[in-house]
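Coordinate analysis (summary)
What follows is the residue order along each chain.
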Amino acid sequence: MIKYLHFQACIASVVFFMLLVPVTARGNDPAMKLWFNKPAATWNEALPVGNGSLGAMVFGGTARERLQLNEESVWTGAPRWDANPDARRNLPSVRRLLFEGKFAEAEKLAQNGILGSFRRDNASSYQTLGDLILDFKNPGGISNYRRELDISEAVSTVTYTSGQTNFRREVFSSAPDQALVIRITADKPGAITFTARISRPGNKALIKASGSLISMSEHVGNGNGVKMETRMKLLNDGGTVLPGGDSIRIEKANSVLIFLTAATDYFTPDPSAWSEERLEKVSARPFADIRKDHVADYKSYFDRLSIDLGSSDGNYFTTDARIAAMQNGYDDTDLIELYYQFGRYLLISSSRPLTLPANLQGIWADGLTPPWSADYHININIQMNYWPAEITNLGELVLPFADFIDAMRPNARRTASEVYGLKGIVAHYTTDVWHYTEPLGAVVYGMWPMGIAWSCQNIWDHYLFGGDIEYLRNKAYPIMKESAEFCAGWLVTDPRTGYLVSGPSISPENRFRIPEGEGTASMVMGPTMDHMIIRDLLQNTIRASLILSTDKAFRRKLELTLEKLTPTRTGSDGRILEWSEEFEEHEPGHRHISHLYGLHPGNQITQQQHPELLEAAGKTIEYRLAHGGGHTGWSRAWIINFFARLKDGNKACENVYALITKSTLDNLFDNHPPFQIDGNFGGTAGITEMLIQSHAGEVELLPALPEKWGNGHIRGAMARGGFEADIEWENGLLKTAKITSRLGNPLKLSYKGKTFMLEATEKGKSYRFNKDLNLAHNP
Ligand code: FUC
């Protein structure tokens, strides 16, 4: 039963929730369900389904069901070129002004003379595909209502009783059939009557209904964007179909199937034919087969990993009540497991091979103007989206990100050459499906040429975890090489230190007070993060070129560059310096903690390498937190990863609780008012980093296990080198570990300072270890 809390005050709130919430959890795996006893009143309560590209938010109304629809390529805008033509000429003067400490003048010149401006006519945004509305005629009042999302199967279900009839709606987005599928059933014949229609905000879409088909077409963005085509078909068992204008009415059916397909001309020249073909194909198949294939396909990803952090019996409560109970101190470890697996669910549902990568909202965005255009911010957000991919055994879901960066290369090459006069590839803080790469907007975010260089970290990791040499040769290395080429050309010697520095550049979005001057500035020669990213990239490119036995001379050039790169430095109070000098921060609790890139996601600050910086990194986080840091979901999620890397399980855990209680919406979406998906992904990554790490040349078990999670397991987590780990722990200590070698690499395993080395492992073989890290006799 309910494990009662230590705090007296919390008991009252838990009892309150027990009384409020009917105990009606049912179905196969209650632990893997988000569920509610009322329809979603707002988008932030609706439940997401998706197949990597086609998605819906299920509201679950009884009189009116709304499914807010998305297709990942519904974008306004077009390829653009808004670079500042004077940039190349102004670059040396900006650098000179910065070296002279003339920050305000430098910033003004960079703003006008290096950055381009967004042209209004070129504005681009991701947008909703539209809404599918079902207006039901229910036979009576509503009772027994339940709305759920089963993330073990990727199916959302709404059930309720009206009159004497039990109604059920199932919704899923199938990847094998490339269609959104809805099945409406009732336990009495002839009970289902409703009107179906699709619509799109702006009233510009051409919508037609004929027979049991509805089509919707629009050249989005007032003709400045993609051409979108949506097709929908209703198949009724029993009853009658009455088409009327742009809607279809079904009367007295026994059950109804609805199929929806959508495409744009972003991927296919004929989106209309594409959607029609998919619709014909899926609607000719038996529902049981469609569902079976969908579930099997989804499970082939989801079932690779299981986690147990202890038992709290929270599954008996609705998801919103569980968050509220946690806010009141109830320790619902089952909710943390659900939150964790929901992160994996979201990645499987928004990023599949050959789709676009997950954007700021995955694929789920309402309206025509989502926050930040729901674009691809590459100054942390999209990288964070992919942090959980490798470690939670979803490695191939990184491929859309690698493909996306690859597709940016032509523009990125042009930007390097025309804006900076350099070879290689460069992109700045954000981009969109048209792959723009030139520096745009304001200095405080725009003057930052590290977007691709950082993305290379995710791209390289895919090789380290998966060992796919062809991927390294044909995809990863060419991107890394061109990015490294840019960075090597970009660095200049700092006359004050003799080291190479990156600049003009910023430490993403943070500002400092101008020393002996007025106001604030953000741009310097030598933000710490740039050097950490460049060091990472150059080292990884050197390793990759050695593995591929190629580019010897280039490798030598990178080695020489690394020798002269500015080292990471600490300030007078022992914190890591964010900029080249010790400035006073304008916002000491800033959400970006860029100068800790070397701690996470990088690997420059470890016990093995630069242990002296670990303490400085800890002080840096504490200082940020003491000044209100971690106030956005993604920032909080990053802090979990930092504490995990500092091996401080209890602090990491505190921040897991803070993420769920302060930055999580009722539908478990990450809150960056209103919603941004990176915090979900960063949260899942952070919890994994608490249980297994492999960035420092060894596979470390339970590096940051908190006291609160005394007993549990993680099975199927991945480590660099291609090791799959099943770890069990008891009373806060390792019980057993099973490590399966997928690639046959040597294995260095560590736990609490003890290490075990296997010079060679056999591909496909599992190795079992006991609590003392002794290799058990293999059966
Ligand atoms: C970064 C962050 C903001 C937001 C935006 C999409 O610039 O600083 O908080 O997440 O990306």
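So, here's what we can say about the structure. (Residues numbered from 1 in each chain as written. Predicted model: local features only at pLDDT ≥ 70, side-chain atom pairs only at ≥ 80, totals over all residues. Heavy atoms only, no water.)

This part covers the site of the ligand. Close to the ligand lie Leu 360, Trp 372, His 377, Asn 379, Asn 381, Glu 509, Arg 591, His 592, Trp 634, His 672 and Gln 676. Within the side chain of His 672, an N or O atom sits 2.8 Å from an oxygen atom of the ligand. In the environment of the ligand, an oxygen atom lies 2.8 Å from a nitrogen or oxygen atom belonging to the side chain of Gln 676. Calculation on the ligand without its partners gives an accessible area of 290 Å², and the protein chains cover 98% of this total. Tallied by class, the residues present in the shell around the ligand amount to three nonpolar, six polar and two charged. (Near = heavy atom within 4 Å. Polar contact = N/O pair within 3.5 Å; in protein donor to acceptor, adjacent residues only side chain to side chain. Areas by Shrake-Rupley, 256 points an atom, 1.4 Å probe, with all protein chains shown as cover. Nonpolar A, V, L, I, M, F, W, Y, C, P; charged D, E, K, R; others polar.)

What follows is about the sheet that holds strand β32 (residues 754–758). Spatial ordering of the open sheet is given by β26-β27-β31-β32, a layout of four strands whose pairing is mixed. Each edge of the open sheet is held by one strand with a lone partner, namely β26 (692–693) and β32. (Pairing = 2+ DSSP bridges. Helix = DSSP H or I, 4+ residues; strand = E, 2+ residues; numbered from the N terminus.)

Moving on: the pattern of salt bridges. By the definition in use, this model includes 58 salt bridges. Of the charged contacts in the structure, one is a salt bridge between Arg 96 and Glu 100, with a shortest N-O distance of 3.8 Å. Sharing partners across several salt bridges, the network here consists of Asp 403, Asp 406, Arg 409, Arg 413, Lys 475 and Glu 482. (Salt bridge = Lys/Arg side-chain N within 4 Å of Asp/Glu carboxyl O.)

Time to look at helix α14 (residues 469–490). For α14, with 22 residues, the first-to-last C-alpha span of 29 Å sits near the 32 Å given by 1.5 Å per residue. The largest bend in α14 amounts to roughly 45° and is located at Ala 476, with the proline Pro 478 lying one to four residues further along. (Expected span 1.5 Å × (residues − 1). Bend = angle between axes of the 7 residues up to and from the residue.)

Where strand β14 (residues 240–244) and strand β15 (residues 247–253) come together, five bridges link them in antiparallel fashion. Its bridge partner lying in β15, Gly 244 is registered against Ser 247. As consecutive antiparallel partners, β14 and β15 are separated by two residues, and within that stretch Gly 245 has a phi angle of approximately 60°, a positive value.

For the rest of this paragraph, the subject is the nonpolar core. Looking at soluble globular proteins, one finds that nonpolar side chains tend to be buried together. Counting 229 residues, the largest nonpolar core has Ile 151, Phe 194, Ile 258, Leu 701 and Trp 709 as the members making the most contacts within it. For this core, the element with the highest residue contribution is α14, accounting for 11 residues. Those residues in contact with Phe 194 that lie beyond four places of it in its chain are Leu 134, Asp 135, Phe 136, Ile 184, Leu 234, Ile 248, Arg 249, Ile 250, Val 256 and Ile 258. Counting 11 residues, the second-largest nonpolar core is a separate cluster that includes Phe 172, Val 181, Val 282 and Val 295. (Core = buried A, V, L, I, M, F, W, Y, C linked by side-chain atoms within 4.5 Å. Buried < 20%, exposed > 50% of the residue type's maximum accessible area, 1.4 Å probe, protein only. Contact = heavy atoms within 4.5 Å.)

Going through the model one piece at a time under the given rule, you end up with 35 aromatic pairs. With a centroid separation of 6.2 Å and 35° between ring planes, the pair formed by Trp 454 and Trp 638 is classed as tilted. Pair noted here: Trp 454 is in helix α13 (residues 451–466) and Trp 638 is in helix α18 (residues 633–645), with a separation of 184 residues, a long-range link. We classify Trp 454 as buried; its relative accessible area is 0%. Taking relative accessible area as the criterion, Trp 638 reaches 1% and is therefore assigned buried. Relative to Phe 583, the ring of Phe 512 has its centre 3.9 Å away and its plane inclined at 10°; by these criteria the two rings are stacked. Remark: Phe 583 occurs in the loop between α16 (552–564) and α17 (612–626) and Phe 512 occurs in strand β23 (residues 512–513); sequence separation between them is 71 residues. Residue class for Phe 512 comes out buried when judged on its relative accessible area of 0%. Here the aromatic residues Trp 43, Tyr 298, Phe 302, Phe 342, Tyr 345, Trp 364, Phe 669 and Phe 675 are joined through ring pairs into a cluster of three or more. The ring of Tyr 623 has Arg 575 lying over it, and the distance from NZ or CZ to the ring centre is 3.5 Å. (Phe/Tyr/Trp six-rings, centres within 6.5 Å; stacked < 30°, edge-to-face > 60°. Lys NZ or Arg CZ within 6 Å of the ring centre and 35° of its normal.)

This part takes up the sheet that holds strand β29 (residues 723–730). Strands belonging to one sheet form pairs held by backbone hydrogen bonds; the direction of such a pair is parallel or antiparallel. If you trace the five strands from one edge of the open sheet to the other, you get β17-β28-β29-β30-β33, paired in antiparallel fashion. Because the sheet does not close on itself, it has two edges, and the strands there are β17 (306–308) and β33 (766–769). For this sheet, the mean inter-axis angle between neighbouring strands, taken without regard to orientation, is 20°. As judged from the three bridges shared by β17 and strand β28 (residues 712–719), these two strands associate in the antiparallel manner. Note on β28: the bridge partner recorded for Ser 306 is Arg 715. (Axes fitted to C-alpha atoms, helices over the stretch in contact; angles between N-to-C directions.)

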